[in-house]
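The lines below spell out each chain.
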Amino acid sequence: MDFSGQKSRVIENPSEVLSVAVEEGLSWRRRSCHLLSGHGSPSSSQSAVPNIAIHLTQPWFHGKLSREEAQRLITQHGLIDGVFLLRDSQSNPKTFVLSLCHTQKIKHFQIIQVDEDGELFYSLDNGQTRFTDLIQLVDFYQLNRGVLPHKLKHHCARITL
């Protein structure tokens with residue numbers, strides 16, 4: 001998808017995805033952060049807090065879930081290409097993990113935090129494609145395969161009792 005805000009399109013060529021994400025994605029994220037911080041919030045530090053933890057409200061985010069529990073949930077949901085969930089990493093407390101089904105196997109991808117000039121970004125590809133929050137990351141990979149073996153299609157919903 002073209003994140004410049006001027007046009008919308010789905011990018012099918014995997015090599016073009018990376019270049020578009022780098023060229024257009026960073027400018028789109030910066031503009032959206034400016035809009036969020038100026039939207040009725042007197043303090044920029046207050047507006048930055050929701051970006052950090054906004055993923056906690058998403059149905060695809062499962063928090064402290066083990067690798068085995070993630071595999072069990074995805075298997076229960078059905079071993080269909082594109083079934084996914086996000087969770088906290090148990091081996092590295094400052095990262096997250098994307099668990100994704102592809103060819104009836106569940107693969108786990110570490111989402112790293114990239115700090116650039118005091119700004120925090122999330123990335124699946126060692127910082128080449130960066131997102132200001134996990135929602136943007138999920139949205140991007142639902143439209144584009146990028147470095148993943150399959151686009152994100154169906155999330156495993158978190159069930160709260």
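Because the structure is predicted, anything quoted here is derived from the model rather than measured. (Residues numbered from 1 in each chain as written. Predicted model: local features only at pLDDT ≥ 70, side-chain atom pairs only at ≥ 80, totals over all residues. Heavy atoms only, no water.)

Draft legend 1. Representation of the packing of aromatic side chains in the model. Considering all chains together, one arrives at 5 aromatic pairs under this definition. Taken together, the aromatic side chains of Phe61, Phe96 and Tyr122 make up a single cluster linked through ring pairs. When the ring centre of phenylalanine 121 is taken as origin, the NZ or CZ atom of arginine 130, which lies over that ring, is 5.8 Å away. (Phe/Tyr/Trp six-rings, centres within 6.5 Å; stacked < 30°, edge-to-face > 60°. Lys NZ or Arg CZ within 6 Å of the ring centre and 35° of its normal.)

Draft legend 2. Quick look at the confidence of the model for the protein chain. This prediction gives the protein chain a mean pLDDT of 78; 66% of its residues lie at or above 70. Ranking the helices and strands of the protein chain by mean pLDDT puts strand S2 (residues 96-102) first, with 97, and helix H2 (residues 44-53) last, with 45. For the stretch residues 25-50, pLDDT sits under 50, and the model shows 24 contacts to residues farther than four places along the chain or on other chains. (pLDDT = per-residue confidence, 0-100. Helix = DSSP H or I, 4+ residues; strand = E, 2+ residues; numbered from the N terminus. Contact = heavy atoms within 4.5 Å.)

Draft legend 3. Seen up close, the nonpolar core. In this structure, Leu86 and Ile111 are the most contacted members of the largest nonpolar core, which totals 19 residues. Ignoring anything within four residues of it in the chain, the contact list for isoleucine 111 reads Leu86, Thr95, Phe96, Val97, Leu98, Tyr122, Ser123, Leu124, Leu134 and Leu137. Leu85, Cys101, Ile106 and Cys156 belong to the second-largest nonpolar core, a separate cluster that totals 8 residues. (Core = buried A, V, L, I, M, F, W, Y, C linked by side-chain atoms within 4.5 Å. Buried < 20%, exposed > 50% of the residue type's maximum accessible area, 1.4 Å probe, protein only.)

Draft legend 4. Structural detail: the pairing of strand S3 (residues 105-116). The pairing of S2 with S3 spans 7 bridges and is antiparallel. If you follow valine 97 over to S3, its bridge partner there is glutamine 110. With 5 bridges joining them, S3 and strand S4 (residues 119-123) adopt antiparallel strand pairing. Bridging across to S4, glutamine 113 finds its partner in tyrosine 122. The hairpin formed by S3 and S4 contains 2 residues between the paired strands, and aspartate 117 there has a positive phi angle of roughly 55 degrees. (Pairing = 2+ DSSP bridges.)

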